[in-house]
Amino acid sequence: MTEALRRLGRWGVRFFERLGRGSIFLFQVLVALPSLLPRFGLAVRQVWSIGVRSLAIIVVAGLFVGMVLGLQGYNTLVDFGAEESLGIFVALTLVRELGPVVSALLFAGRAGSAVSAEIGLMKATEQLSGMEMMAVDPLRRVAAPRFLAGIVSVPLLAAIFSAVGILGGYLIGVGLLGVDEGAFWSQMQDKVDLKDDILNGVIKSVVFGFVVIWIAVFEGYDSVPTSEGVSGATTRTVVHSSLAILGLDFVLTALMFD
Amino acid sequence: MQSKTMEVGVGIFVAIGIAALFMLAMKVSNIAELATTGGYTLKARFENVGGLKVRSPVKMAGVRIGRVAAITFDDKTYEAVVVMDILPEFSRLPKDTSASIFTAGLLGEQYVGLDAGGEDRFLGPDDEITLTQSALVLEQVIGQFLFSKASEGN
């Protein structure tokens, strides 16, 4: 009994300790962000490796998610003779939920894990300590550019995901299943609101990008400098950021859409 | 990866991302409508608005000429006050225009339908439409039908 309580307490203490370390780390990275201005190339390089190179998976996933939405939505709506609302269905689903959530999940798997592994390995091979020896602040040199790149990339990727997904739904709905093209777009424009739907979707993806890249950079930076530690950090990045995305999505949806 | 190619790649990525956002805004959302300004509002009182909602369409002859901007309750007359935003190009609605609440299709959404009258003076900003007809509440209609059937039987 006391053993179980002790374990629970230990878990709680560890949890809050990590949360605290993570928050301090976040604060330090945010303070280091302005120092990127004269060395903007560092951030551009990171946008390349975590943003541009995630483009392929985002486009392919978006296209297929959109096509599946087109098929499934059509099958349900046609029973009610409402297949012309397919455009609304596809657009609202993607813009409000699937665009931000799925692209953030894919980003966590494709880029977050890579960032953690890279920073973890830098730590394990003592490159970070080496930088410190040379009076180069690894927070500014390593953490801040990746952080900025993540925050910039995720909303752009989510927008691309939604746009490609709507095109996929259009291809299936209008091209294959014969929904009227005019009704598809005009009903969509009638029901999708710029502020309530699109802007809220963008806000969601900014929040997700912030959280995912925070977790990824922190896990790498905080990892145990062994091969086991790096692999653990990579796994934790994917698991924790996926859970954070899904949990935050629920909270944000409850706050935004009533 | 050469630095220049990389920068070009990042530039293209950012451009595609912004283009996607632009497409979402222009092609998917209602921005075209938000951009039009200079419309005016009309008011109408209904005994019952049924399932009418804010942002429901306002139509005349089946053409959408505006949207419901607000629905409030007047606690003196116990009526619903519906405020409608009318697009600026429809500024020639006769004074004796009447408003009814219709349902699009059997299960569709409800909308305000305006019927033009014959007067040659036009409704201006913040004017009130006095001739109104409430939403059809299905239960009431069935109730009336049964009632009239029953009284026929006697």
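Before reading on, note that the structure itself is shown above.
Trainee: I'd like a description of the overall build of chain B, backed by residues and values.
Mentor: When helices and strands are tallied, chain B shows 3 helices and 8 strands. Each helix and strand of chain B, ordered N terminal to C terminal, gives the series α-α-β-β-β-β-β-β-β-β-α. On C-alpha atoms alone, chain B measures out to a radius of gyration of 23 Å, which is more than a quarter above the 15 Å that the 2.2 N^0.38 rule sets for 154 residues. Taken over the C-alpha atoms alone, chain B extends approximately 95 × 40 × 30 Å along its principal axes. Here chain B holds 154 residues, and the buried ones make up 21% of them.

Trainee: Would you mind going over the overall build of chain A in detail, with residue names and values included?
Mentor: On a plain count of helices and strands, chain A comes out with 9 helices and 0 strands. Reading the helices (α) and strands (β) of chain A from amino to carboxyl end gives α-α-α-α-α-α-α-α-α. For chain A, the spread of C-alpha atoms along the principal axes amounts to about 65 × 55 × 30 Å. By the burial criterion, 46% of the 258 residues in chain A qualify as buried.

Trainee: Please give an account of unusual backbone geometry that cites residues and values.
Mentor: Residues and elements named next belong to chain A. In this structure, Glu126 takes a positive phi of about 60 degrees despite not being glycine. By secondary structure assignment, the location of Glu126 is in the loop between α4 (86-124) and α5 (127-133). Its identity is not glycine, yet Ala135 carries a phi of approximately 60 degrees, on the positive side. Here Ala135 shows up in the loop between α5 and α6 (138-176).

Trainee: So what's going on with the sheet that holds strand β6 (residues 110-115) of chain B? Which residues, and what values?
Mentor: Sheets are built from strands that pair by backbone hydrogen bonding, the pairs being arranged parallel or antiparallel. All names here are of chain B. If you trace the 8 strands from one edge of the open sheet to the other, you get β7-β1-β4-β3-β2-β6-β5-β8, paired in mixed fashion. The open sheet is flanked by β7 (128-129) and β8 (131-133), the only strands paired with a single partner. Bridge count for strand β5 (residues 98-103) against β6 is 6 bridges, and the pairing is antiparallel. Along β6, the bridge assignment pairs Ile101 with Val112.

Trainee: Now, about the packing of helix α2 (residues 40-51) of chain A against helix α1 (residues 3-28) of chain B: what can you tell me, with residues and values included?
Mentor: Running from amino to carboxyl end, α2(A) crosses α1(B) at an angle of 65 degrees, the nearest separation of the two axes being 9 Å. Classified by the interaxial angle, the pair formed by α2(A) and α1(B) is roughly perpendicular. Like other packed secondary-structure pairs, α2(A) and α1(B) cross with a definite hand, here left-handed. Counting all contacts with α2(A), which are made through A:Val44, A:Arg45, A:Val47, A:Trp48 and A:Gly51, the residues of α1(B) involved are B:Met6, B:Glu7, B:Gly9, B:Val10 and B:Phe13. Split by residue class, the contact of α2(A) with α1(B) holds 6 nonpolar, 2 polar and 2 charged.

Trainee: Report on the pairing of strand β2 (residues 57-60) of chain B, specifying residues and quantitative values.
Mentor: Regular strands show a simple pattern: their side chains alternate between the two faces of the sheet. All names here are of chain B. Bridge count for β2 against strand β3 (residues 63-74) is 4 bridges, and the pairing is antiparallel. Its bridge partner lying in β3, Lys59 is registered against Arg64. The turn linking β2 back onto β3 is made up of 2 residues, and Ala61 within it adopts a positive phi angle of 55 degrees. Across 3 bridges, the pairing between β2 and β6 is parallel. Residue pairing for β6: Lys59 is matched across the bridge by Gly113.

Trainee: Got a sec to walk through α1(B)? Specific residues and values, please.
Mentor: Between its first and last C-alpha, α1(B) extends 36 Å over 26 residues, near the 38 Å set by a 1.5 Å rise per residue. Looking only at α1(B), the buried set comprises B:Val10, B:Phe13, B:Gly17, B:Ala20, B:Leu21, B:Leu24 and B:Val28. Where α1(B) is buried, its residues meet α2, α3 (55-77), α4, α6, α7 (181-191) and α8 (194-221) of chain A.

Trainee: Before we move on, could you go through the pairing of β3(B) and cite the residues and values that matter?
Mentor: All names here are of chain B. The sheet contact formed by β3 and strand β4 (residues 79-86) spans 8 bridges and is antiparallel. Across the sheet, residue Gly66 finds its bridge partner in β4, namely Ile86. Hairpin connection of β3 to β4: 4 residues between the antiparallel strands, including Tyr78 at a positive phi of 55 degrees.

Trainee: Give a detailed account of the interface of chain A and chain B, specifying residues and quantitative values.
Mentor: Between chain A and chain B, the residue contacts involve 23 residues of the former and 18 residues of the latter. Elements supplying a minimum of two residues to the side of chain A that touches chain B: α2, α4, α6, α7 and α8 of chain A. If you tally residues by element for the side of chain A that touches chain B, the top one is α6(A), at 6 residues. Of the residues in the side of chain A that touches chain B, the class split is 16 nonpolar, 3 polar and 4 charged.

Definitions and cut-offs
- Residues numbered from 1 in each chain as written.
- Chains lettered and ligands numbered in written order.
- Predicted model: local features only at pLDDT ≥ 70, side-chain atom pairs only at ≥ 80, totals over all residues.
- Helix = DSSP H or I, 4+ residues; strand = E, 2+ residues; numbered from the N terminus.
- Rg over C-alpha atoms; globule rule 2.2 N^0.38 Å.
- Buried ≥ 20, exposed ≤ 12 C-beta atoms within 10 Å, placed from the backbone.
- Pairing = 2+ DSSP bridges.
- Axes fitted to C-alpha atoms, helices over the stretch in contact; angles between N-to-C directions.
- Parallel < 35°, antiparallel > 145°, perpendicular 65-115°, else oblique.
- Left-handed = near helix turned anticlockwise from the far one by under 90°.
- Contact = placed C-beta atoms within 7 Å.
- Nonpolar A, V, L, I, M, F, W, Y, C, P; charged D, E, K, R; others polar.
- Expected span 1.5 Å × (residues − 1).

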